[in-house]
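# Observations on the model geometry
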Amino acid sequence: MNTFGEALRVTTFGESHGAGIGCVIDGFPSGIHINTNLINHDLQRRQGGKNRYTTQRKEDDCFEILSGVFEGVSTGMPIALFVKNTNTKSKDYDNIKDIFRPGHADFSYFVKYGLRDYRGGGRSSARESVARVASGAFAKMLLGEFGIICESGILGVGECMGESIDFDFARESEIFALDKQKESIQKDLIMHARSTHDSIGGCALIRAFGNKKILQGLGEPLYYKLDGAIGAMMMGLNGVKAVEIGDGIAASQTCGSRNNDMMNENGFLSNHAGGILGGITTGEEINVRVYFKPTPSIFAMQQTIDIYGNKQDFELKGRHDPCIAVRGSVVCESMLALILADMLLLHTKSSLANLKKIYAEFK
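Residues numbered from 1 in each chain as written. Predicted model: local features only at pLDDT ≥ 70, side-chain atom pairs only at ≥ 80, totals over all residues. Heavy atoms only, no water.

Attention shifts here to the overall build of the chain. When you go through the chain residue by residue, the secondary structure sums to nine helices and 18 strands. Radius of gyration (C-alpha) of the chain: 21 Å, near the 21 Å computed for a compact globule of 363 residues. For the chain, the C-alpha atoms occupy an extent of roughly 70 × 50 × 40 Å along the three principal directions. A separation of at least 24 residues holds for 70% of the contacts in the chain among residues at least 6 apart in sequence. Surface accessibility of the chain: about 17,700 Å² in total, with carbon and sulfur atoms responsible for 52%. Where the 40 positive side-chain charges of the chain centre and where its 42 negative ones centre are 3 Å apart. (Helix = DSSP H or I, 4+ residues; strand = E, 2+ residues; numbered from the N terminus. Rg over C-alpha atoms; globule rule 2.2 N^0.38 Å. Contact = heavy atoms within 4.5 Å. Areas by Shrake-Rupley, 256 points an atom, 1.4 Å probe, with all protein chains shown as cover. Lys, Arg positive; Asp, Glu negative; His and termini not counted. Charge placed at Lys NZ, Arg CZ, Asp CG, Glu CD.)

Right, here's the structure in full:
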């Protein structure tokens, strides 16, 4: 499947070493002024900046909007967007043409389809996330009309987990670190992994907050719960192996008297649920932690087999992230924005009162 969402539907296409990556956004409302600077900004953030902590493959990521926008404003028609691949080095993959790379989707794609694009993994490459970030920028424009903001940062690298959370600092950090005191340690872990031809995992923290009245009632019971959609969409990202909402795993290690978010006349007294109860938002801040495995692209000698079942030893070439969580955090932020925008549009038809507000002027 290459399409996600219900009211706001996004279809992505393209491969790592193909002509480019693109998306079609359907269901986006008309009348929204398109902020191209925001799209550019988020695409640059996804690149991780021009620093040594991310991949050395640096694409321009210049996008072209092909439809759905007229004179800078959305028309309500499908928005098509395309980003050309301009910095591919397909020859780096010639030595693995018939080899399955450990930890990659090479084997699973081959047994499913009977062939695979060995140039950087083709469709299974994280390069596809360009489309998610670009479409996520559109979702942020819609959410921004209602005062909802999505942010992200790196909470952990390897076993070094941040203790304090500062999203302002994360915006300035080369690795989007949330804890200023842990940043240097986390940087050292990434560089050690790179220098030893290895990689390391990480944890991203994503949050959504803003107008509490708007950020209430989003999510659909029972089969399109917000937390269910978050889990599905985040786990659908390359390299993600676990997702926690609110207290997550810690909730299974405590008792109800401590985990319940009690209330008084002023609202909730805590937010262990991460802003979601029964799959529907409460208006409190939405907190999501996403855990990425170590990049499978490492430059050490590895053992595997080829497409004929023969044992092979090989060394990978190419340009790869030593910690995919860094750039992955930006993608997760974009995905949360897309999910919330979808839920916002779905919520318009959840009650007669909502419909009457929409059609009040026609009375």
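This part covers the packing of helix H6 (residues 226-235) against helix H8 (residues 324-347). Any two packed helices are characterised by the angle at which their axes cross and by the distance between the axes. Following both chains from N to C, one finds H6 and H8 inclined at 145 degrees, their axes separated by 10 Å at the closest point. Considering the relative orientation of H6 and H8, their crossing is right-handed. Facing Leu-226, Ala-229, Ile-230, Met-233 and Met-234 of H6, the residues of H8 in contact are Cys-332, Met-335, Leu-336, Ile-339, Leu-340 and Met-343. (Axes fitted to C-alpha atoms, helices over the stretch in contact; angles between N-to-C directions. Left-handed = near helix turned anticlockwise from the far one by under 90°.)

Turning to the sheet that holds strand E9 (residues 160-161), a few remarks are in order. Overall, antiparallel pairing links the five strands, which are arranged E9-E8-E10-E16-E11 in an open sheet. Every other strand in the sheet has two partners, leaving E9 and strand E11 (240-245) as the edge strands with one partner each. Note that strand E8 (residues 148-157) and strand E10 (residues 202-210) share nine bridges and pair antiparallel. The residue of E10 that forms the bridge with Gly-156 is Cys-203. (Pairing = 2+ DSSP bridges.)

This brings us to the pattern of salt bridges. A side chain of one charge can pair with a side chain of the opposite charge if their charged atoms are brought near each other. The full count for this structure, using the stated rule, is 20 salt bridges. For Glu-333, the salt bridge identified is with Arg-45, shortest N-O distance 2.8 Å. Taken together, the residues Glu-333 in helix H8 and Arg-45 in helix H1 (residues 36-46) connect sequence positions 288 residues apart. As far as burial versus exposure is concerned, Glu-333 and Arg-45 are alike and both buried. Look at the salt bridges and you will find they share partners, linking Glu-151, Asp-168, Arg-171, Arg-207 and Glu-285 into a network. (Salt bridge = Lys/Arg side-chain N within 4 Å of Asp/Glu carboxyl O. Buried < 20%, exposed > 50% of the residue type's maximum accessible area, 1.4 Å probe, protein only.)

For the rest of this paragraph, the subject is the nonpolar core. Counting 71 residues, the largest nonpolar core has Phe-28, Ile-39, Phe-138, Ile-230, Ile-286 and Leu-340 as its most contacted members. Per-element accounting of this core gives the leading share, 17 residues, to H8. The next biggest cluster of nonpolar side chains, apart from the first, holds six residues, and it includes Leu-155, Phe-167, Leu-178 and Cys-203. (Core = buried A, V, L, I, M, F, W, Y, C linked by side-chain atoms within 4.5 Å.)

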